[in-house]
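Secondary and tertiary structure notes
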Amino acid sequence: MDQVTAESLKEEMEMFSVSYEDDAVLDKMVEQCICNRLEANEMVNEWVAFSSTKKGLKLTINTLQQFEHEVLNKRSQSKPSSRKDEAYNRPMDIHTIQELIKAEEEEEDLLDSYSTPAKGSQKRALTTPEHPRSKRSAALLPSPSLLLSPASFSPSATPSQKYSQRGAKGEVVVTFGAVQGTRWVGRKDPGAGVQVELLEGPENSLCCSYKFMFQRLRDVHNVLAEKIEDLGKSLISHFKIEELSCASLPAQDTISVLGQVCCDGNGKLNAKSVLLEAGPDQGGQQVPVDLSELKEYSLFPGQVVVMEGMNATGERFVASKLYDGVPLPFYTSNVKTENDEVSEPLSVLVACGPYMPSDSLTFDPLLDLISVIVRDRPDVCLLLGPFVDSKHEKIEKAEVTETFEAIFSRCIESIVDGTRSVGCHLVFVPSQRDIHHHFIYPQPPFTLPSLRKEQIQRVTLVSDPCTLLINGVTFGLTSTDILFHISAEEISSGTGSDRFSRILKHMLTQRSYYPLYPPVEEVNMDYEKFQSFGQMPLTPDVLIIPSELRYFVKDVVGCVCVNPGRLTKGQVGGTYSRMLLQHGASSEVGQRVSPCLAAQVVKI
């Protein structure tokens, strides 16, 4: 800015024929120009505009003070923000963006120099390796040439150090069945003759996306009422209960009541907060339940039960006996082949995401899994999400330089191309944590329009949850962590079994992939679709239920339940599972024998 003088101001005022009182007015105007960073022409233009609104105000010391108060002071207050807005609104390239970021950082440093030591230390803590930069600066600082380089796919150019330095690679941590001497390497021609299909067929399964966020409270109520009614019928017929009564009416005799367990508040369920909500046929009212006379119980919100007891006053039901559900029958094939007894065991590999360590966007764990698939040659690979994890550190901090769909496509293409030589069948199950997909439950399957025709033949895209039939063996699949959700809400007393077995039995006896009600906040439930596609049509031979909780393989009421763990746990490697299955096996006395011959959980 050129230095403003009295002569330059005088020339500008002569242009507009502005008269002034004396030279003291010029000195005052020079002072105002310097304080407000104005050029001579800007100062005179502001005065002309101000005086015209005041009906030709004369230029004196007093009017200059009024002008300074009403115009210049307000102009200086709004000027920094307007300049900043102007800088952001104009067209930008990579260089102007870097200049803006640098200017902001200089302003922050200047403010920090005036702050107290506590605030200064707080600012410095935000630039530690754990919090390296702001989202905007980290995403925009790379040069234009770097944005198109392969390194831009992951802001952390080097792979995760903790993952690469992990120990106990390939260690078996859980075994189930006759694993002694078991050969885990698959057949010479894996995938040949393997038939993977939806149990209830495409017409009765969730095969495409749907409109959600349109449900009414009345529809939700109807779904819950039908659930109580349907499960109540099975309980009445199985336990031969003669008559159901209304739980809220006073009764001096022992009565049987049907209802859904719920909590009397928004907090966690406990023994003193249990309510029983009856179905519409029993009045639909809620009544507090006293559990003190029950020798053992295991309850969670949403569980449909029949209780025996008394309600002497009509205000509290004292339960003395609990009936908590019966599982559905197993699958039986109407068509039997001669080779059922002598067919080769089916090899199945199960893995659940995330497929990247939390400190890097490299797919090293996935590449190691592909190497395992090529080595062991399984017939079927069940791969559950998340494939692009919404809880990944880099994604949460917006440090990603390509779209989520592009990352997902590269992940799937790597799996399909990497296993081409094996020829195994691939099943992809979405997750609520897949950031590029609809996070609604039940969740529709992925769409992969980029797959070639020869690739589609060995790829099956299914919903979460779903029930599959693989060579006569039924699989129940869900990537939602219902095990963790129920374990946070369940209360129990006097039960001898471990918590995992109790929760798994609840799922099988409640005949649902997600029996918890209300669901946790992160699960967006569409109840009409859930009624159609979230229920178990039968008790599956194998239930795949990945969870953040510890991996396991358990036999629960004849169903082999597998938590394969996650392929990565934070920055370190996780686990996957492998199984050998044989359909048609039966004991000498004709009883059902589980088709799962052996299973293991193995560290990647």
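Since this is a predicted model, take the numbers as computed values, not measurements.

1. Focus: the overall build of the protein
Helices and strands together make up the secondary structure of the protein, namely 17 helices and 22 strands. Scored against the burial criterion, the 604 residues of the protein give a buried share of 47%. Nonlocal contacts in the protein, meaning residues at least 24 apart in sequence, comprise 72% of its contacts between residues at least 6 apart. Accessible area of the protein: about 30900 Å², with a carbon and sulfur share of 51%.

2. Quick look at helix α13 (residues 404–418)
For α13, which comprises 15 residues, the first-to-last C-alpha distance of 21 Å matches the rise-based estimate of 21 Å (1.5 Å per residue) to within 8%. Listing the buried residues of α13 in full gives I407, F408, C411, I412, I415 and V416. For α13, the angular spread of buried residues about the axis comes to 165°, placing them on one side. Looking at the buried positions of α13, the neighbouring elements they touch are α11 (364–376), β10 (380–384), β11 (425–429), α14 (453–456) and β12 (459–461).

3. Re empty space enclosed by the protein
Tallying each qualifying case throughout the model produces 2 cavities of 30 Å³ or more. Reported here for the largest cavity is a volume of approximately 130 Å³. Lining the largest cavity are 14 residues, with E200, S205, C466, T467 and F533 positioned closest to its centre. Taken together, the residues of the lining of the largest cavity break down into 7 nonpolar, 6 polar and 1 charged. Of the volumes computed, that of the second largest cavity is approximately 40 Å³. W184, S347, V348, L349, D376, P378 and R578 together form the lining of the second largest cavity. Per-element tally for the lining of the second largest cavity: the top contributor is strand β9 (residues 346–352), with 3 residues.

4. Re the pairing of strand β17 (residues 552–556)
As defined by bridge partners, β17 adjoins strand β18 (residues 559–563) across 5 bridges and the pair is classed as antiparallel. The partner of F552 across the bridge, within β18, is N563. Between β17 and β18, which pair antiparallel in sequence order, lie 2 residues; one of them, V557, sits at a positive phi of approximately 45°.

5. Regarding the pattern of salt bridges
Following the criterion strictly, the structure yields 20 salt bridges and no others. Residues E399 and K394 are paired through a salt bridge, measuring 3.6 Å at the closest nitrogen-oxygen approach. Salt-bridge contacts for R502 lead to E490; the nearest nitrogen and oxygen are separated by 2.7 Å. In this pair, R502 sits in helix α16 (residues 499–510) while E490 sits in the loop between α15 (482–487) and β15 (491–493), placing the two residues 12 residues apart along the sequence. Classification of E490 by relative accessible area gives buried; the value is 3%. Linked by salt bridges that have partners in common, D389, R433, E548, R566 and K569 make up one network.

6. Looking at the sheet that holds strand β2 (residues 196–198)
As summarised here, the arrangement of the 6 strands in space is β2-β13-β14-β16-β18-β17, forming an open sheet in which the pairing is mixed. Each of the sheet's edge strands pairs with one partner strand only, and the pair in question is β2 and β17. Going from strand to strand, the sheet's axes swing by 25° on average, the running direction of each strand aside. As paired strands, β2 and strand β13 (residues 466–470) are joined by 3 bridges and run antiparallel to one another.

7. Some words on the sheet that holds strand β22 (residues 596–603)
Pairing in this open sheet of 7 strands is mixed, and the strands run β1-β22-β21-β9-β10-β11-β12 from one edge to the other. Each end of this open sheet is capped by a strand with a single partner; those strands are β1 (172–177) and β12. Each adjacent strand pair in this sheet contributes to an overall mean axis angle of 15°, direction not counted. α11 contacts β9, β10 and β21 (575–581) of the sheet and is inclined by roughly 20° relative to β21. The sheet contacts of α13 involve β10, β11 and β12, and relative to β11 the element is tilted by about 160°.

8. What to know about the side chain of S463
The residue S463 is located in the loop between β12 and β13 in this model. For S463, a relative accessible area of 4% translates into the label buried. In this structure the side chain of S463 is engaged in a polar contact, spanning 3.0 Å, whose partner is the backbone oxygen of P465. The contact partners of S463, leaving out residues within four places of it in the chain, are L206, V429, P430, Q443, P444 and P445.

9. With respect to the nonpolar core
In terms of nonpolar packing, the biggest core is built from 36 residues, with Y355, L369, L383, F387, I415, F428 and Y576 touching the most fellow members. Contributions of two or more residues to this core are made by β9, α11, β10, α13 and β11. Considering every element that reaches this core, the biggest residue donor is α13, with 6 residues. Not counting the four nearest positions on each side in its chain, F428 is found in contact with L383, F387, I412, I415, V416, F446, V459, T460, L461 and V462. One finds V196, L384, V462 and L581 within the second-largest nonpolar core, a separate group that totals 32 residues.

10. Quick look at the pairing of β18
Buried residues dominate β18, accounting for 5 of its 5 residues. Sheet analysis places strand β16 (residues 542–544) next to β18, joined by 3 bridges and oriented parallel. Bridge pairing links I544 to V562 in β18.

11. A look at the confidence of the model for the protein
Residues of the protein with pLDDT of at least 70 account for 85%, and the chain-wide mean is 85. In this model residues 118–157 is a low-confidence stretch, pLDDT under 50, and it forms 48 contacts with partners more than four residues away in sequence or in other chains.

12. Observations regarding helix α3 (residues 40–53)
Side chains that are three or four residues apart share a direction in an α-helix, a result of its 3.6 residues per turn. Here α3 is 14 residues long and its end C-alpha atoms lie 20 Å apart, about the 20 Å a rise of 1.5 Å per residue gives. If you check which residues of α3 are buried, you get A40, M43, V44, W47, F50 and S51. For α3, the buried positions fall inside an angular range of 130° around the axis, keeping them on one side. Structural note: α3 exposes S52 and T53 on the side pointing more than 90 degrees away from its buried face.

What counts and how
- Residues numbered from 1 in each chain as written.
- Predicted model: local features only at pLDDT ≥ 70, side-chain atom pairs only at ≥ 80, totals over all residues.
- Heavy atoms only, no water.
- Helix = DSSP H or I, 4+ residues; strand = E, 2+ residues; numbered from the N terminus.
- Buried < 20%, exposed > 50% of the residue type's maximum accessible area, 1.4 Å probe, protein only.
- Contact = heavy atoms within 4.5 Å.
- Areas by Shrake-Rupley, 256 points an atom, 1.4 Å probe, with all protein chains shown as cover.
- Expected span 1.5 Å × (residues − 1).
- Arc of directions from axis to C-beta.
- 1 Å grid on protein atoms, 1.4 Å probe; cavity = no way out; pocket = protein on both sides within 12 Å on 5 of 7 lines; lining within 4 Å.
- Points joined across faces, edges and corners; volume = space filled by probe spheres on them.
- Nonpolar A, V, L, I, M, F, W, Y, C, P; charged D, E, K, R; others polar.
- Pairing = 2+ DSSP bridges.
- Salt bridge = Lys/Arg side-chain N within 4 Å of Asp/Glu carboxyl O.
- Axes fitted to C-alpha atoms, helices over the stretch in contact; angles between N-to-C directions.
- Polar contact = N/O pair within 3.5 Å; in protein donor to acceptor, adjacent residues only side chain to side chain.
- Core = buried A, V, L, I, M, F, W, Y, C linked by side-chain atoms within 4.5 Å.
- pLDDT = per-residue confidence, 0-100.

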